[in-house]
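# Reading the structure
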Amino acid sequence: QVQLVQSGAEVQKPGASVRVSCKASGYTFVDYFMQWIRQAPGQGLEFMGWINLRSGDPGYTQKFQGRVTMTRDTSISTAYLDLSRLESGDTAVYFCARAAIGHPNDFWGQGTLVTVSS
Amino acid sequence: EIALTQSPDTLSLSPGERAALSCRASQSVNNNYLAWYQQGPGQAPRLVIYGASSRATGIPDRFSGSGSGTDFTLTISRLEPEDFTVYYCQQYGSAPRTFGQGTKLEIK
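First things first, this report covers the structure right here in the doc. The residue numbers shown here count from 1 along each chain, following its written sequence. Lettering of chains starts at A and numbering of ligands starts at 1, both following the order in which they are written. Reporting in this predicted model follows two pLDDT cut-offs: at least 70 for local features of residues, and 80 or more for side-chain atom pairs to be given and counted; totals over whole chains, interfaces and linings ignore these cut-offs and use all residues. With hydrogens and water excluded, all non-hydrogen atoms of the structure serve as input to the side-chain values.

### Observations concerning the interface of chain B and chain A
Between two residues, a contact is recorded if the distance between any of their heavy atoms is within 4.5 Å. Residue-level contacts link 16 residues of chain B with 20 residues of chain A. Taken over both partners, the interface formed by chain B and chain A buries close to 1,400 Å², and the fraction arising from carbon and sulfur atoms is 64%. Accessible surface is computed with a 1.4 Å probe, and the buried area is the amount of it that two parts give up when combined, taken over both parts together. Per-residue buried area on chain B facing chain A is highest for Pro 45, Arg 97 and Phe 99 of chain B; these three make up 41% of the total on that side. The term polar contact refers here to a pair of N or O atoms within 3.5 Å; inside protein, the definition further demands a hydrogen-donor-capable atom paired with an acceptor-capable atom, and it admits residues adjacent in sequence only when both atoms are side-chain atoms. The tally of links from chain B across to chain A stands at six residue pairs in polar contact (both at pLDDT 80 or more).

Below is the structure:
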């Protein structure tokens, strides 16, 4: 069965960087995109961007351009989100979600809480 | 970027009643690629409806979706206790994908 398992919770100081991983299983990794969505405490869902898992080409929303990097390692079916220059407003649960063009996000990771605090 | 506006923000109903949640897009959604997600407390979103009206795997038939273009509706015909949570619409026909702000369905 399809599973996306994310790395554990992180606590980082302002100005630092964080990496969240998302390990996929149960399907052919490179046949899909991986998208990253975050949710601040008590708030809605915010789309951050995506990575084409076959080519490695990413696409980021304008808000995160310059601070976010999405990569993948096809040998271990794992996608990564790197976010730099963290601020308190980056405190959120970060989700990975599988997608394909013309298809919704049908499977999601369990979420990773990133807390930014001095 | 397509903006999605959900209404109402909060809907108070009783179990057994019918719920209608609205999602309006700032421009037409390509191919009616509109999805609805259900999110319980501390959980990841769960796909409920895709393509505006197709139920996802394992979703009960009391959930239905309708609409096209810019106006979409999620209907829950007979509310069960487990249905009282938050629902988000999402358009996936244009990049970047966008979400509505969510509708909280609460027990009256």
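### A short note on the state of the cysteines
All names here are of chain A. Cysteine sulfur atoms that come within 2.5 Å of each other are treated as a disulfide pair. Following the criterion strictly, the structure yields two disulfides over all chains and no others. Across the disulfide, Cys 22 is cross-linked to Cys 96 (sulfur-sulfur distance 2.1 Å). On the sign convention where negative means left-handed, the S-S torsion of about 75° between Cys 22 and Cys 96 marks this disulfide as right-handed. With a gap of 74 residues between them, Cys 22 in strand β3 (residues 18–25) and Cys 96 in strand β9 (residues 92–99) connect regions that are remote in the sequence. Only DSSP runs of H or I covering at least 4 residues are called helices, and only runs of E covering at least 2 are called strands; the numbering of each starts at the N terminus.

### Quick word on the pairing of strand β4 (residues 33–39) of chain A
All names here are of chain A. Along β4, seven of the seven residues are buried, which leaves the element largely enclosed by surrounding structure. Residue burial is assigned from relative accessible area. The probe radius is 1.4 Å, only protein chains are included, and a residue is buried under 20% of its type maximum, exposed over 50%, and partly exposed in between. Residues of β4 alternate between two faces, with Phe 33, Gln 35, Ile 37 and Gln 39 on one and Met 34, Trp 36 and Arg 38 on the opposite face, all of them buried. As judged from the six bridges shared by β4 and strand β5 (residues 46–52), these two strands associate in the antiparallel manner. Bridging from a neighbouring strand, Ile 37 pairs with Phe 47 of β5. Only strands joined by at least two bridges in the DSSP assignment are considered to pair. Here β4 folds back onto β5 in antiparallel fashion, the turn holding six residues, of which Gly 42 has a positive phi close to 70°. Bridge count between β4 and β9: seven bridges; the pairing is antiparallel. If you follow Gln 39 over to β9, its bridge partner there is Val 93.

### Some words on the environment of Cys 96 of chain A
All names here are of chain A. Judged by relative accessible area, Cys 96 falls into the buried class, the value being 0%. Taking the C-alpha atoms as reference points, Cys 96 and Gln 43, separated by 53 residues in sequence, lie 17 Å from one another. Those residues within four positions of Cys 96 in sequence are excluded, and the remaining contacts are Leu 4, Gln 6, Cys 22, Met 34, Gln 35, Trp 36, Phe 107, Trp 108 and Gly 109.

### Digging into the sheet that holds strand β7 (residues 63–68) of chain B
All names here are of chain B. Taken together, four strands build an open sheet; the order of strands is β1-β3-β8-β7 and the sheet is antiparallel. Because the sheet does not close on itself, it has two edges, and the strands there are β1 (4–7) and β7. Pairs of neighbouring strands in the sheet enclose a mean axial angle of 20°, with direction left out of account. Looking at chain direction, strand β3 (residues 19–25) and strand β8 (residues 71–76) are connected through six bridges and run antiparallel. Bridge assignment links Ala 19 to a residue of β8, and that residue is Ile 76. Working convention: axes come from line fits to C-alpha atoms, limited for helices to the stretch in contact. Angles between N-to-C directions cover 0 to 180 degrees.

### Side note on the sheet that holds strand β7 (residues 68–73) of chain A
Residue and element names in this part refer to chain A. One open sheet holds the four strands; their spatial order is β1-β3-β8-β7, and the pairing between them is antiparallel. Each of the sheet's edge strands pairs with one partner strand only, and the pair in question is β1 (3–6) and β7. Put simply, the sheet's adjacent strands are angled 20° from each other on average, direction ignored. Two strands pair when backbone bridges link them, and β7 and strand β8 (residues 78–83) are joined in this way by six bridges, in the antiparallel orientation. For Asp 73, the partnering residue across the bridge sits in β8 and is Thr 78.

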